[in-house]
Amino acid sequence: MEAPILFISSIPNFLSFFIFFLIIYLIAYFIIFPSWKPKLRPEASSCIISFFHGTPAVLIAVISLLADPAREFHAPNTPFQNLVLDYSISYFLMDLTHYLIFYPSDVLFIGHHLATLFVFVTCRYVVCHGAYAILVLLILAEVTSFAQNTWTLANARKGDVEFAAKVYGLLSPPFYVFYSLVRGIAGPYFVYKMISCYISGAADNVIPRWVWVSWVIVVVTAISVSILWISNNWVELYRERSRKFERKVR
């Protein structure tokens, strides 16, 4: 009965956060980006709510982890950590709604959001343990979000706005480097530590094997897709710079 009681007691926070992200999305769509092309307005609005989730989530996740002396992969969730999970669950549910309405054929992002929600929800409401691992992964995933959202907005308008093209050109290399370090080195290393702990059986009494195995599958898949995405962007950047160099030589 503990899990249902925890779920019911957290509904006010969850609804408040969801309404918050919904309002931000509507403000972005109807007030901030009314002059943008219909195809770009939803994506830009999604970036805005991501701004309001990514960096704040990183900050409060770090604070919640530092406030907990039991920073172990199988430690029970603290109330503060559960609050952070509720915040992120609300954001991903709002962004999932955005994709289902505007991009229902984008199976990759819809699948990513559903898988992420599965991890957060099972950690928050099913096992009530393991927030340390999930929040560190959240930090690694969202620490690049501010740069990525700025890059995405600049990329969307680089063809018709000169300032956007300059921002895109200046931001791309450092953003790619930062993203590569986080997703290509820090992320895999932490997942290795996480898997080592779970395989040892240290969490078996509080986190069922099917739960942590599911978490590992989702996280490894997400990191693999991220590495593929940034690799493709590095290739595209190289091609762009090569074309510019060839034009200058001619």
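In the nomenclature of an unreviewed UniProt entry, the protein chain corresponds to TLC domain-containing protein from the organism Anisodus tanguticus.

Turning to the pattern of salt bridges, a few remarks are in order. Evaluated as defined, the whole model comprises 5 salt bridges. Among the salt bridges present, the one from Arg 124 reaches Asp 86, with a minimum N-O distance of 3.4 Å. You can see Arg 124 sitting in helix 4 (residues 107–127) and its partner Asp 86 sitting in helix 3 (residues 79–102), a full 38 residues away along the chain. Like Asp 86, Arg 124 is buried. Its salt-bridge partner being Arg 157, residue Asp 160 comes within 3.1 Å of it at the nearest N-O pair.

As a further point, take the environment of Ile 49. By the secondary structure assignment, Ile 49 is in helix 2 (residues 41–66). A relative accessible area of 0% places Ile 49 in the buried class. Sequence separation between Ile 49 and Asn 149 is 100 residues; the distance between their C-alpha atoms is 9.8 Å.

A word on helix 7 (residues 162–199). Given a rise of 1.5 Å per residue, 38 residues ought to cover 56 Å, and the 52 Å separating the end C-alpha atoms of helix 7 matches this to within 8%. The axis of helix 7 is deflected most strongly, by about 40 degrees, at Ser 172, and proline Pro 173 appears within four residues downstream. A positive phi of about 90 degrees marks Gly 201, the residue just after helix 7.

Attention shifts here to the packing of helix 5 (residues 131–142) against helix 7. The N-to-C vectors of helix 5 and helix 7 enclose an angle of 170 degrees; their axes lie 10 Å apart at closest approach. Classified by the interaxial angle, the pair formed by helix 5 and helix 7 is roughly antiparallel. Across the interface between the two elements, Tyr 132, Ala 133, Val 136, Leu 137, Leu 140 and Ala 141 from helix 5 touch Val 182, Arg 183, Ala 186, Gly 187, Phe 190, Val 191, Met 194 and Tyr 198 from helix 7. Here the residues of the contact of helix 5 with helix 7 are counted per class, giving 12 nonpolar, 1 polar and 1 charged.

Further remarks concern the UniProt feature "transmembrane region" (unreviewed entry) in the protein chain. If you check UniProt for "transmembrane region" (unreviewed entry), the listed places come out as residues 14–36, 48–67, 87–105, 117–141, 176–198 and 210–230 in our numbering. As a span, residues 14–36 carries 83% helix and 0% strand, and end to end its C-alpha atoms are 31 Å apart. With 88% helix and 0% strand, the stretch residues 117–141 has end C-alpha atoms that lie 14 Å from each other.

Phe 73, Leu 135, Phe 190, Met 194, Tyr 198 and Trp 215 are the most contacted members of the largest nonpolar core, which totals 60 residues. Put simply, the parts of the chain that give this core at least two residues each are helix 1 (2–32), helix 2, helix 3, helix 4, helix 5, helix 7 and helix 8 (209–249). Sorting elements by how many residues they give to this core places helix 5 first, with 10 residues. Aside from chain neighbours lying at most four places away, what touches Met 194 is Phe 73, Ala 133, Leu 137, Trp 215 and Val 216. One finds Ala 147, Trp 151, Tyr 176 and Ile 230 within the second-largest nonpolar core, a separate group that totals 10 residues.

Cut-offs used in this document
- Residues numbered from 1 in each chain as written.
- Predicted model: local features only at pLDDT ≥ 70, side-chain atom pairs only at ≥ 80, totals over all residues.
- Heavy atoms only, no water.
- Salt bridge = Lys/Arg side-chain N within 4 Å of Asp/Glu carboxyl O.
- Helix = DSSP H or I, 4+ residues; strand = E, 2+ residues; numbered from the N terminus.
- Buried < 20%, exposed > 50% of the residue type's maximum accessible area, 1.4 Å probe, protein only.
- Expected span 1.5 Å × (residues − 1).
- Bend = angle between axes of the 7 residues up to and from the residue.
- Axes fitted to C-alpha atoms, helices over the stretch in contact; angles between N-to-C directions.
- Parallel < 35°, antiparallel > 145°, perpendicular 65-115°, else oblique.
- Contact = heavy atoms within 4.5 Å.
- Nonpolar A, V, L, I, M, F, W, Y, C, P; charged D, E, K, R; others polar.
- UniProt positions renumbered as here; feature names shortened; annotations may be inferred.
- Core = buried A, V, L, I, M, F, W, Y, C linked by side-chain atoms within 4.5 Å.

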